[in-house]
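# Inside the fold
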Amino acid sequence: MNSDSPMLLLGIGTSGCAMARGVSRAFGENLRYAMVDTDATTGADGGPFTLLGGDRLSGRGTGGDIVAARLAAEDSIEIIDEHLEGVRLAVIVTALGGGTGGGATLETAKHLASRGIPSIVFATTPFAFEGEERQRNARGVMSMIEEAANATFFTPLDKLVGDEDNMETAMRRAIDTMATGITLFWRLVEKPGYIRIDTERLRHLIAAAGRGRFAAVTVQGPDRTSEAIDRLIRSEMLATASAPVNSILCGVLAGEDLRLSEIGRIADGIRSAFGERLTFDLATVNDEATFCGRLSVVVMLFEASLNSEAMPSGVMSSRKPKKAKSPLGIGPVGRGRFNNAEQTIWQGEDLDIPTFIRRNVNLDF
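In this text the structure is predicted, and so the values were computed from the model without any measurement.

### Topic: the overall build of the chain
Across its full length, the chain holds 11 helices and 12 strands. The buried share among the 365 residues of the chain stands at 50%. Long-range pairs, those at least 24 residues apart, make up 75% of the contacts in the chain with a sequence separation of at least 6. As displayed, the chain has an accessible area near 17100 Å², and 48% of this comes from carbon and sulfur atoms.

Next comes the structure, spelled out in structure tokens:
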């Protein structure tokens, strides 16, 4: 493991740890990563593991209880500081809906912000058939994670698997798909390229990026650029938006056979599909050993924030932008006068926030 890297991958909860291990296997031993869970058995598979909430839960896990996970994280979140020395950017991978991922991810993102470390969160959300309660739990914590983290990618598990998969295959496919995409993203930053994006540039790009969508494809053959563009345009991972796209980050990873014309066609195709006038950043990786004869493309679409003010260009801050006024005009969207009080969390929702705000209900006067 490369302890000198300025970027840390942090897996939270059982699924998050599984994804972190998947990225480590795909990337190689130089990946800097750590795993955190409330269940001590998660660490049995090896890798840098930290037990969260040991005094409260004794390593037995949360039994799917988000509140227990959050309290455990509040008790002992400083325990992850041993992994943060020299870290300039943290990438969190987790699963929402219940348990440690749903409860501890928020506290982790808040702790990172307090240390001046920007964070990107990649999280899966529950299958539709898991029921409204788990969906509501995920939705409730998503909005709070967005306030604490700099960039967030929430991916429904339904988009990662096929209808005909059995449960074991479906979960393995979901973990592998997320791990593959994150691994390609990691290579963009950690591996040299002719058009490079390093950790400091990425810190700037995600300073106030907000919610995003991402997808990755790998192709080969004489028409590989056309196939890559077509698959990305049709990708379910990029299909659902909660707001207009504000900016695009595109990465092209290939061997020494990568041509300038291919880079140009990919850039033009992505801009044409998702917005020609948007802010567009491109990076490349040339790695013959990994991508000989193959070409991989990673696309991240960042949505325009409807509730925040843009930060000045070139400014990197751990402070979050100011929140917009509430529909009643009596304070910021968020916790309002309860901002400095202990939160009342029930089934993943903050009950101190008025219901019409939590559910995005517009009131007509």
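### A closer look at the pairing of strand β10 (residues 294-303)
When you tally the buried positions in β10, you get nine out of 10 residues, the bulk of the element. Where strand β7 (residues 210-220) and β10 come together, nine bridges link them in antiparallel fashion. If you follow T218 over to β10, its bridge partner there is S296.

### Remarks on the environment of G293
Examined against the element boundaries, G293 turns out to sit in the loop between α10 (288-291) and β10. Considered as a pair, G293 and L258 are 35 residues apart in the sequence and their alpha carbons are 8.9 Å apart. Leave out the neighbours within four places in its chain, and G293 touches Q220, R224 and D257.

### Some words on helix α3 (residues 66-76)
All of the buried residues along α3 are I66, A68, A69, R70, A72, A73 and S76. At the N-terminal end of α3, a side-chain oxygen is found 2.9 Å from the backbone nitrogen of V67, two or three residues along, and the residue is D65.

Cut-offs and rules
- Residues numbered from 1 in each chain as written.
- Predicted model: local features only at pLDDT ≥ 70, side-chain atom pairs only at ≥ 80, totals over all residues.
- Heavy atoms only, no water.
- Helix = DSSP H or I, 4+ residues; strand = E, 2+ residues; numbered from the N terminus.
- Buried < 20%, exposed > 50% of the residue type's maximum accessible area, 1.4 Å probe, protein only.
- Contact = heavy atoms within 4.5 Å.
- Areas by Shrake-Rupley, 256 points an atom, 1.4 Å probe, with all protein chains shown as cover.
- Pairing = 2+ DSSP bridges.
- Polar contact = N/O pair within 3.5 Å; in protein donor to acceptor, adjacent residues only side chain to side chain.

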